[in-house]
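Notes for the structure review
What follows is the residue order along each chain.
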Amino acid sequence: MSELRFEEALARLEEIVRSLEQGEATLDEGLVLFEEGVKLARFCNEKVDEAEAKIEIMIQEGQIETFEVKEQ
Amino acid sequence: MVFVQPISVSQLTKQIKAALAHASLQDVAVEGEISNFVHHRSGHMYFSLKDADSRIKAVMFRGRNQRLSFFPKNGDTLIAVGSVGVYEPNGEYQLYVDLLLPQGIGDLHIAFEQLKAKLEGEGLFDSKRKRALPTLPHRVGVITSPSGAALRDILNVLQRRHPGVKILLFPALVQGEGAPDSLIQALSFAQNTDVDVLIIGRGGGSFEELAAFNNEGLARAIAQSSIPVVSACGHETDFTIADFVADLRAPTPSAAAELVVPLREDLLVSVTSFQNRMVNALQRRIESERRYLKRLRQNPVLQKPEHTINQRRQRLDELWTSLGRFHRHAVVLRREKLAGVVGKLETLSPLNTLARGYAICQNDQGLILREAKQVSLGEIVHVTLREGSLSCTVEGKKP
């Protein structure tokens, strides 16, 4: 799931929720969907919880450094 | 006087037209008063522009005048931007107007309006071209002055809304002669990074100070960017060309940061809400399957299977009893019948006949004799009585 983007995960999760709410799948299918949904929810939560703030500045093309915000 | 071959009126007119096609008469801005204004049924506007000493005929075709934000009328002093040409059929020179602007507007404004009309005409502002921003950007790119207030505001808002967001800053000049190129270069650097949304902007300023963001080159660079661009150029009310071309316009740099990154809490709430809905939906489903199962189990067939069996047993007994009765009845009938037959049989038995005194007469060969002519005189016949038998000689017979 590392290549999965947050948006896509959230969209798929929403799809699964709707599917389960409409109740069209069999109980077996429903359980499989639920499992997928749980994995996606976990992934989304992890993405949201990433608290490592990182501000960088590109001083020249291809050269990136950490940026210190100067208080003015 | 030299005699020259005469040319036709059309030829002369064409020469005049060519002479007036000089560059200095193209894309001119003329200030004058509107008179003889006619808005033709075709949509084209015909009028004259005049001042104290001269007048010139003008036409603004429908395609151009549709975009006017005001309605020109006689007496208005306006600035008409357009080109001089010749209308051959009646030998008149006139001003073909592309833009009509209110009086007092400066060079910069005229240039702005011209560029805006031009780029709009090319479709660069079309809403269909505008891309959606990512819900949660992996990395936000910011193109602005590294020392301006705009950057501070953007960083503050981004970090407040979503502490974990990654930011990459592309410093640029936002004012002065070098600004457009600096901004264009920053945009170009950004294309090769993993930034998935860009904020380009600066703090507030006068129309002149914002000039870099009205630059044609910058507008085209924004249009060509493969990364969605949010423009944030200072004032709430001013619009720059960059604002029109960008995928989204924010009234201020802080507003741009809000548009670009969702509130972390909101995202968490969404995900939690989905989780809850999923769990509830599954629970309801399981519950409904359980109820169905319960209903099935309560069906009497499954509840008391002996009941059915007993019913069947009882029926079986009844049938058996019926069968028994029928059988005995049948036996009795047969016995009676048998007795009847036996009785008859006994009556017909020769032994019975013999008992009554009759005798059976047979010849020597054993043939039972019924008629006298079956024997001759002197033959031996055998007579069987009820008890014992006789051998006799025929002494006489009749007939």
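So, a few notes on the structure that sits alongside this text. Values in this document were obtained by computation on a predicted structure and should not be read as measured data.

All names here are of chain B. Here K398 and P399 are connected by a cis peptide whose omega angle stands at -5°. Assignment of secondary structure puts P399 in the segment after β13 (389–393). Here the phi dihedral of D27 falls at roughly 50°; this positive angle occurs in a residue that is not glycine. By secondary structure assignment, the location of D27 is in the loop between α1 (9–20) and β1 (28–39). Backbone geometry places N36, a non-glycine residue, at a positive phi of 50°.

Time to look at the pattern of salt bridges. Applying the stated criterion to the full structure yields 22 salt bridges over all chains. Here E56(A) and R139(B) are joined by a salt bridge, their closest N and O atoms 3.3 Å apart. Taken together, the residues span two chains, with E56(A) in strand β1 (residues 54–60) and R139(B) in strand β6 (residues 139–144). Residue R139(B) is classed as buried on the basis of its relative accessible area of 11%. Salt bridges linked by common partners bring K54(A), E56(A), R139(B) and D194(B) together as one network.

Bringing the interface of chain A and chain B into the picture now. With 41 residues of chain A at the contact, the number on the chain B side is 40 residues. At the junction of chain A with chain B, the criterion picks out 2 salt bridges. The partner of E21(A) in a salt bridge is R277(B), and the shortest N-O contact between them spans 2.9 Å. Across the chain A-chain B interface, the total number found is 7 residue pairs in polar contact (both at pLDDT 80 or more). Counting residues per element, the ones that place at least two in the side of chain A that touches chain B are α1 (6–22), α2 (27–49) and β1 of chain A. Counting residues per element, the side of chain A that touches chain B draws most heavily on α2(A), which supplies 12 residues. Residue composition of the side of chain A that touches chain B, by class: 22 nonpolar, 7 polar and 12 charged.

Once that is clear, we can look at the packing of aromatic side chains. Residues and elements named next belong to chain B. Scanning the model with the defined rule gives 6 aromatic pairs over all chains in all. Ring centres of F125 and F244 lie 5.2 Å apart, and the angle between their planes is 25°; this geometry places the pair in the stacked category. Taken together, the positions of F125 in the loop between α3 (107–122) and β6 and F244 in helix α7 (residues 241–245) put the pair 119 residues apart, joining distant regions of the chain. F125 gets classed as buried once you look at its relative accessible area, which sits at 12%.

A separate point is the side chain of D247(B). Residues and elements named next belong to chain B. As for its placement among the helices and strands, D247 is situated in the loop between α7 and β10 (248–250). Residue D247 is classed as buried on the basis of its relative accessible area of 9%. In this structure the side chain of D247 is engaged in a polar contact, spanning 2.8 Å, whose partner is the backbone nitrogen of R131. A distance of 2.9 Å separates a polar atom in the side chain of D247 from the backbone nitrogen of V229.

Parameters and conventions
Residues numbered from 1 in each chain as written. Chains lettered and ligands numbered in written order. Predicted model: local features only at pLDDT ≥ 70, side-chain atom pairs only at ≥ 80, totals over all residues. Heavy atoms only, no water. Helix = DSSP H or I, 4+ residues; strand = E, 2+ residues; numbered from the N terminus. Salt bridge = Lys/Arg side-chain N within 4 Å of Asp/Glu carboxyl O. Buried < 20%, exposed > 50% of the residue type's maximum accessible area, 1.4 Å probe, protein only. Contact = heavy atoms within 4.5 Å. Polar contact = N/O pair within 3.5 Å; in protein donor to acceptor, adjacent residues only side chain to side chain. Nonpolar A, V, L, I, M, F, W, Y, C, P; charged D, E, K, R; others polar. Phe/Tyr/Trp six-rings, centres within 6.5 Å; stacked < 30°, edge-to-face > 60°.

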